[in-house]
Amino acid sequence: MEISGISLTGDPRRTDFVRSVLAESDVDTNLCYQCRKCAAGCPVAYAMDLTPTQVIHATRLGQRDLVLRSKTIWLCVSCETCTTRCPQGVDIAKVMDAARITALREGIEPAVPEVAKFHKKAMRSIRRHGRMFELGLLIGLKLGGASGPLTKDMGLGMKMMRKGKLKFLPAFGKARPVKRMIKRAKALAAGKE
Ligand code: SF4
Ligand code: SF4
């Protein structure tokens, strides 16, 4: 397998990027022996610019830009097929999560902006309502131009509403425990607990 544009300087394991991915995911990418079972099972690999195998390889080589500027980290749908198939127990889905978190934190322009917008709005919705408020999320995405013209999915939306799959109002009273959970997770991440 070839990944073009790689230049190694020093020990890649000591780069901030590798440290950040390790801290966020707790996954040792060096366990990977490049069997490619993850890439072979990934349902989205056909649309990715780097296969999951290449992401793992590039990560352990400290190739920050290659990974954080890839479409792959945004196209991954976190289905965990790769993680389940890996004979070495490498949690590839977690590495993808860690790469997305690192990219957002470092202000790197997402290679697939629509997904990044969805990600941010979905998290905001969960923080605000305690769970995803799909209708609000959908309207927010439409108004932000991240999901095609306003009327494009209207028919499907109406059908979902009739079947009770889309609610008019968000769930009330569920936000507090989620806010507590997020606060605690932040404190844990910062080593304050
Ligand atoms: S399945 Fe596991 S060991 Fe095989 S290439 Fe993917 S990460 Fe590496
Ligand atoms: S978790 Fe992501 S990388 Fe892994 S199989 Fe699913 S879509 Fe592919």
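Describe the overall build of the chain, naming the residues involved and giving the relevant values.
Each helix and strand in the chain was counted, giving eleven helices and zero strands. Its C-alpha atoms give the chain principal-axis dimensions of about 55 × 40 × 30 Å. Taking the contacts inside the chain whose residues are at least 6 apart along the sequence as the reference set, 69% of them involve residues at least 24 apart.

Give me the domain arrangement of the chain: which residues, what numbers.
Each domain of the chain was delimited in the assignment, giving domain 1 (12-105) and domain 2 (113-189). The gap between the C-alpha centroids of domain 1 and domain 2 is 26 Å.

Could you give an account of the site of ligand 2, naming the residues involved and the relevant values?
Surveying the vicinity of ligand 2 reveals 13 residues, the closest of which are Cys42, Cys76, Cys79, Thr81 and Cys82. Residue assignment for the shell around ligand 2 shows that the elements contributing at least two residues are α6 (81-85) and α7 (92-105). The element best represented in the shell around ligand 2 is α7, accounting for three residues. Split into classes, the residues belonging to the shell around ligand 2 amount to ten nonpolar, two polar and one charged.

What counts, and at which threshold
- Residues numbered from 1 in each chain as written.
- Chains lettered and ligands numbered in written order.
- Predicted model: local features only at pLDDT ≥ 70, side-chain atom pairs only at ≥ 80, totals over all residues.
- Helix = DSSP H or I, 4+ residues; strand = E, 2+ residues; numbered from the N terminus.
- Contact = placed C-beta atoms within 7 Å.
- Domains from an automatic or database assignment.
- Near = placed C-beta within 6 Å.
- Nonpolar A, V, L, I, M, F, W, Y, C, P; charged D, E, K, R; others polar.

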